[in-house]
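# Descriptive structure summary
Given next are the chains, with one letter for each unit.
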Amino acid sequence: MDLVVQGLVKAFRLLLSGDPEVLEITLLTLRVSGLATLISLFLGVPLGLYLAVARFRGRELVVGAVNTGMGLPPTVVGLWVSILLWRNGPLGMLGLMYTPTAIVIAQAVIALPVVTGLTMAAVQQLSPKLRLQVLALGASPLQFWWIILREVRFGILAAVMAGLGSVISEVGASMAVGGNVRGYTRVLTTAIVLEVSKGNFDMALALGFVLMVLTYSITYALTIVQQRRRRW
Amino acid sequence: MTAVLEARDIVIKKGGRRILSVDHLAVEPGEVLAIIGPNGAGKSTLLTVLACLDLPTSGAVFFHGRRVTRANALAVRRRLAVVFQEPLLLDTTVLENAAIGLKLRGRRREAEAKARAWLARFGVGHLAAQQALTLSGGEAQRVSLARAFALEPEVLLLDEPFASVDVIARAGLIQEFKSILSSTGTTAVLVTHDFREVSALATRVAVLFDGTVQAEGPPEAIAAHPRWGALADPRTASGAGSGGCGWH
Ligand SMILES: Nc1ncnc2c1ncn2[C@@H]1O[C@H](COP(=O)(O)OP(=O)(O)O)[C@@H](O)[C@H]1O
Ligand SMILES: [Mg+2]
């Protein structure tokens with residue numbers, strides 16, 4: 001218990017002193033996980049819309065894969081992205097291994113099924129008759145998708161929260177493809193693992209505190225928007 | 001005079017089964033054509049095709065004499081309006097719901113004024129700012145009707161539009177709808193299985209049974225028909241739910 005209290009005190013001191021390394025790690029974490037979430041949205045939302053309405057052979061297989069992917073172990077993603085980006089791997093010539101970009105890619109892969117699955121689920125909750133009604137209102141195909149997107153906007157907001165939450169808190173993939181290089185690819189989670197292993201619990205606690213506050217404030221802001229229209 | 005909407009040799013198959021087969025059905029300008037028949041007769045399927053929301057397996061729908069194809073269906077749809085049994089409002093304000101059709105047609109400037117006027121006409125003008133999904137069933141269906149009229153459609157297609165409105169509110173809404181329909185001279189196709197709606201609103205009736213048009217004529221003639229007259233009898237055709245009893 002002492003350890004925790006001491007750690008917390010030190011942690012606050014660290015935070016209040018505006019430690020430049022903590023700040024740098026925090027900003028990188030935000031940049032990497034934010035970008036990864038954004039990419040997963042650009043790919044996952046259209047994919048989710050498509051999977052919700054499409055009829056094709058093997059659709060259940062794809063949907064099953066997406067649903068499984070929602071719980072994809074980050075370590076496994078890290079492994080596969082490593083194999084792809086490795087010097088002798090198929091994308092080795094890009095020289096992305098152990099760069100922040102590599103983490104973005106791995107995290108986007110982790111968030112993609114989450115965003116896709118939640119978008120799909122949100123669309124499937126709409127009345128199927130709404131499709132005919134929107135077309136009957138005179139919507140062109142583009143207008144149709146725009147209206148459907150607007151109808152599921154709160155579902156997509158949930159997808160953003162879940163996607164961001166899944167990547168900002170993962171450590172396995174960031175470690176595997178980023179390598180936790182100080183001042184370059186070190187993010188909050190990998191830094192915490194390192195500090196714990198070195199026995200620097202105060203630093204670990206400080207970083208953990210930052211991560212929690214960060215995640216909570218972002219999610220809180222989105223929650224405010226989401227709950228403004230609560231009907232239950 | 002050419003018909004506004006015309007179905008010729010329409011066949012519709014769903015899941016390998018022929019569910020509709022209509023040789024000829026025309027909607028003339030200014031008329032209110034009622035399509036009646038029991039559950040499963042194919043009324044909704046027929047309305048969907050007439051509304052150009054679905055192309056028939058074979059045959060075609062003609063709009064002002066021109067064949068409706070995949071390429072021109074959107075342009076035709078934009079001259080029609082459809083009201084379904086459920087109000088199917090979007091998750092936004094009542095006003096936005098009533099204005100959306102005009103906005104989709106690029107007529108943003110007039111959209112909200114028209115929407116307000118039609119909401120008022122259907123007695124829900126005071127709800128304009130309210131979120132549509134918080135409305136009662138009857139209010140929502142009034143908004144759905146206002147949304148359709150705001151488009152000033154050349155043909156208004158309605159699929160059992162009063163079935164989801166409770167019995168007490170229904171008679172009043174039908175009367176308001178009737179006066180609006182006649183004052184605007186709107187051409188309409190009304191799917192129903194309640195003959196009281198037919199007597200109140202229709203100028204002509206088509207009886208649909210087993211996917212084919214079995215009889216066509218003025219409401220009085222259908223009511224007097226030896227076989228289909230049963231429809232007009234409230235004891236055998238009780239309206240919502242069980243249009244099928246006493247048919248054979
Ligand atoms: N997508 C579909 N696939 C297979 N059968 C369908 C489909 N849609 C409608 N049907 C069938 O077509 C028949 C007519 O349906 P419908 O037009 O809804 O009848 P109504 O509106 O007169 O009650 C019904 O037997 C129904 O089961
Ligand atoms: Mg029906």
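Source: prediction; values computed, not measured.

### Description of the overall build of chain A
Across its full length, chain A carries 11 helices and zero strands. Helices and strands appear in chain A in the N-to-C order α-α-α-α-α-α-α-α-α-α-α. With the C-alpha coordinates of chain A rotated into their principal frame, the extents come out at 65 × 50 × 25 Å. Long-range contacts, defined as pairs at least 24 residues apart, comprise 75% of the intrachain contacts of chain A with a sequence gap of at least 6.

### With respect to the site of ligand 1
Residue and element names in this part refer to chain B. The full set of residues close to ligand 1 is Lys14, Arg17, Ile19, Pro38, Asn39, Gly40, Ala41, Gly42, Lys43, Ser44 and Thr45. Between ligand 1 and the protein, one listed contact pairs an oxygen atom with a backbone N or O atom of glycine 40 at 2.7 Å. In this structure, an oxygen atom belonging to ligand 1 sits 2.5 Å away from a side-chain N or O atom of threonine 45. For ligand 1, whose unbound accessible area comes to 560 Å², protein coverage reaches 61%. The dominant element in the shell around ligand 1, judged by the number of residues it contributes, is helix 1 (residues 43–50), at three residues. Here the residues of the shell around ligand 1 are counted per class, giving three nonpolar, five polar and three charged.

### Looking at helix 8 (residues 153–168) of chain A
All names here are of chain A. Relative to the 22 Å expected for 16 residues at 1.5 Å per residue, helix 8 spans 22 Å between its end C-alpha atoms, a close match to the ideal helical length. Burial in helix 8 covers these residues: Phe154, Ile156, Leu157, Ala159, Val160, Met161, Gly163, Leu164, Val167 and Ile168. Its buried side turned inward, helix 8 meets helix 2 (20–53), helix 5 (100–124), helix 7 (141–151), helix 10 (188–198) and helix 11 (201–227).

### Let's talk about the sheet that holds strand 5 (residues 66–67) of chain B
Residues and elements named next belong to chain B. Spatial ordering of the open sheet is given by 2-1-4-5, a layout of four strands whose pairing is antiparallel. The outermost strands of the open sheet, each flanked by one partner alone, are strand 2 (17–27) and strand 5. Bridge count for strand 1 (residues 5–14) against strand 4 (residues 58–63) is five bridges, and the pairing is antiparallel. The partner of glutamate 6 across the bridge, within strand 4, is phenylalanine 62. Docked against the sheet, helix 1 engages strand 1, strand 2 and strand 4, running at close to 55° with respect to strand 2.

### Brief notes about the confidence of the model for chain B
Residues and elements named next belong to chain B. With 94% of its residues at a pLDDT of at least 70, chain B reaches an overall mean of 92. For residues 238–248, every residue scores under 50 in pLDDT, and the model assigns this stretch 19 contacts once sequence neighbours within four places are set aside. Reported for the predicted complex are a pTM of 0.88 and an ipTM of 0.91.

### Here's the deal with the interface of chain B and chain A
Each partner contributes residues to the interface: chain B has 22 residues there, and chain A has 20 residues. In total, about 2000 Å² of surface goes out of reach between chain B and chain A, with carbon and sulfur atoms giving 57% of it. In this structure, the salt-bridge partner of Asp91(B) is Arg153(A), at a minimum N-O distance of 4.0 Å. Mapped onto the side of chain B that touches chain A, the elements with two or more residues apiece are helix 2 (73–77), strand 6 (80–83) and helix 3 (94–104) of chain B. The dominant element in the side of chain B that touches chain A, judged by the number of residues it contributes, is helix 3 of chain B, at four residues. In the side of chain B that touches chain A, the residues fall into 12 nonpolar, three polar and seven charged.

### Focus: empty space enclosed by the protein
One way to see where empty space is left: roll a probe the size of a water molecule over the atoms. Residues and elements named next belong to chain A. Tallied over the entire structure, the rule returns two cavities of 30 Å³ or more. A volume near 30 Å³ is recorded for the second largest cavity. Lining of the second largest cavity is provided by Thr29, Val32, Ser33, Gln107, Val167, Ile168, Glu170, Ser174, Val187 and Thr189. Going through the elements one at a time, helix 2 and helix 8 are the ones with two or more residues in the lining of the second largest cavity. The element contributing the most residues to the lining of the second largest cavity is helix 2, with three residues.

### Let's talk about the packing of helix 6 (residues 129–136) of chain A against helix 7 of chain A
Residue and element names in this part refer to chain A. Close contact between helix 6 and helix 7 brings their axes to 10 Å; oriented N to C, the two are set at 130°. Here helix 6 lies oblique to helix 7, going by the angle between them. The way helix 6 lies across helix 7 gives a crossing that is right-handed. Along its contact with helix 6, which presents Leu130, Arg131, Val134 and Leu135, the element helix 7 presents Phe144, Ile147 and Glu151. When its residues are assigned to classes, the contact of helix 6 with helix 7 shows five nonpolar, no polar and two charged.

### Describing the packing of aromatic side chains
All names here are of chain B. The tally for this structure, following the rule as stated, stands at 10 aromatic pairs over all chains. Centre to centre, the rings of phenylalanine 122 and phenylalanine 149 are 5.5 Å apart; their planes meet at 40°, and the pair counts as tilted. Taken together, the positions of phenylalanine 122 in the loop between helix 4 (108–121) and helix 5 (137–149) and phenylalanine 149 in helix 5 put the pair 27 residues apart, joining distant regions of the chain. Summarising the burial analysis for this pair, phenylalanine 122 and phenylalanine 149 share the class buried. Counting every residue linked through ring pairs, the aromatic cluster contains Trp118, Phe122, Phe149, Phe162 and Phe177. Positioned above the aromatic ring of phenylalanine 62, the side-chain terminus of arginine 8 is 3.9 Å from the ring centre. Lying over the aromatic face of phenylalanine 209, arginine 227 brings its terminal NZ or CZ to 5.6 Å of the ring centre.

### Let's talk about the domain arrangement of chain B
Residues and elements named next belong to chain B. Taken domain by domain, chain B comprises domain 1 (5–79 + 153–242) and domain 2 (93–152). The C-alpha-based centres of domain 1 and domain 2 are spaced at 24 Å. Between domain 1 and domain 2 the total buried area reaches about 1300 Å² when both faces are included, carbon and sulfur atoms providing 64% of it. The largest share of the area that domain 1 buries against domain 2 comes from Arg78, Pro153 and Ile180, three residues that together contribute 40% of it. Linking glutamate 176 and arginine 142 is a salt bridge whose minimum nitrogen-to-oxygen distance equals 3.0 Å. One can count five residue pairs in polar contact (both at pLDDT 80 or more) joining domain 1 with domain 2. Among the secondary structure elements, those contributing two or more residues to the side of domain 1 that touches domain 2 are strand 7 (155–159) and helix 6 (167–184). If you tally residues by element for the side of domain 1 that touches domain 2, the top one is helix 6, at seven residues. A breakdown of the residues in the side of domain 1 that touches domain 2 according to their chemical character gives 10 nonpolar, four polar and five charged.

Rules and cut-offs
- Residues numbered from 1 in each chain as written.
- Chains lettered and ligands numbered in written order.
- Predicted model: local features only at pLDDT ≥ 70, side-chain atom pairs only at ≥ 80, totals over all residues.
- Heavy atoms only, no water.
- Helix = DSSP H or I, 4+ residues; strand = E, 2+ residues; numbered from the N terminus.
- Contact = heavy atoms within 4.5 Å.
- Near = heavy atom within 4 Å.
- Polar contact = N/O pair within 3.5 Å; in protein donor to acceptor, adjacent residues only side chain to side chain.
- Areas by Shrake-Rupley, 256 points an atom, 1.4 Å probe, with all protein chains shown as cover.
- Nonpolar A, V, L, I, M, F, W, Y, C, P; charged D, E, K, R; others polar.
- Expected span 1.5 Å × (residues − 1).
- Buried < 20%, exposed > 50% of the residue type's maximum accessible area, 1.4 Å probe, protein only.
- Pairing = 2+ DSSP bridges.
- Axes fitted to C-alpha atoms, helices over the stretch in contact; angles between N-to-C directions.
- pLDDT = per-residue confidence, 0-100.
- Buried area = accessible area lost by both parts, 1.4 Å probe.
- Salt bridge = Lys/Arg side-chain N within 4 Å of Asp/Glu carboxyl O.
- 1 Å grid on protein atoms, 1.4 Å probe; cavity = no way out; pocket = protein on both sides within 12 Å on 5 of 7 lines; lining within 4 Å.
- Points joined across faces, edges and corners; volume = space filled by probe spheres on them.
- Parallel < 35°, antiparallel > 145°, perpendicular 65-115°, else oblique.
- Left-handed = near helix turned anticlockwise from the far one by under 90°.
- Phe/Tyr/Trp six-rings, centres within 6.5 Å; stacked < 30°, edge-to-face > 60°.
- Lys NZ or Arg CZ within 6 Å of the ring centre and 35° of its normal.
- Domains from an automatic or database assignment.

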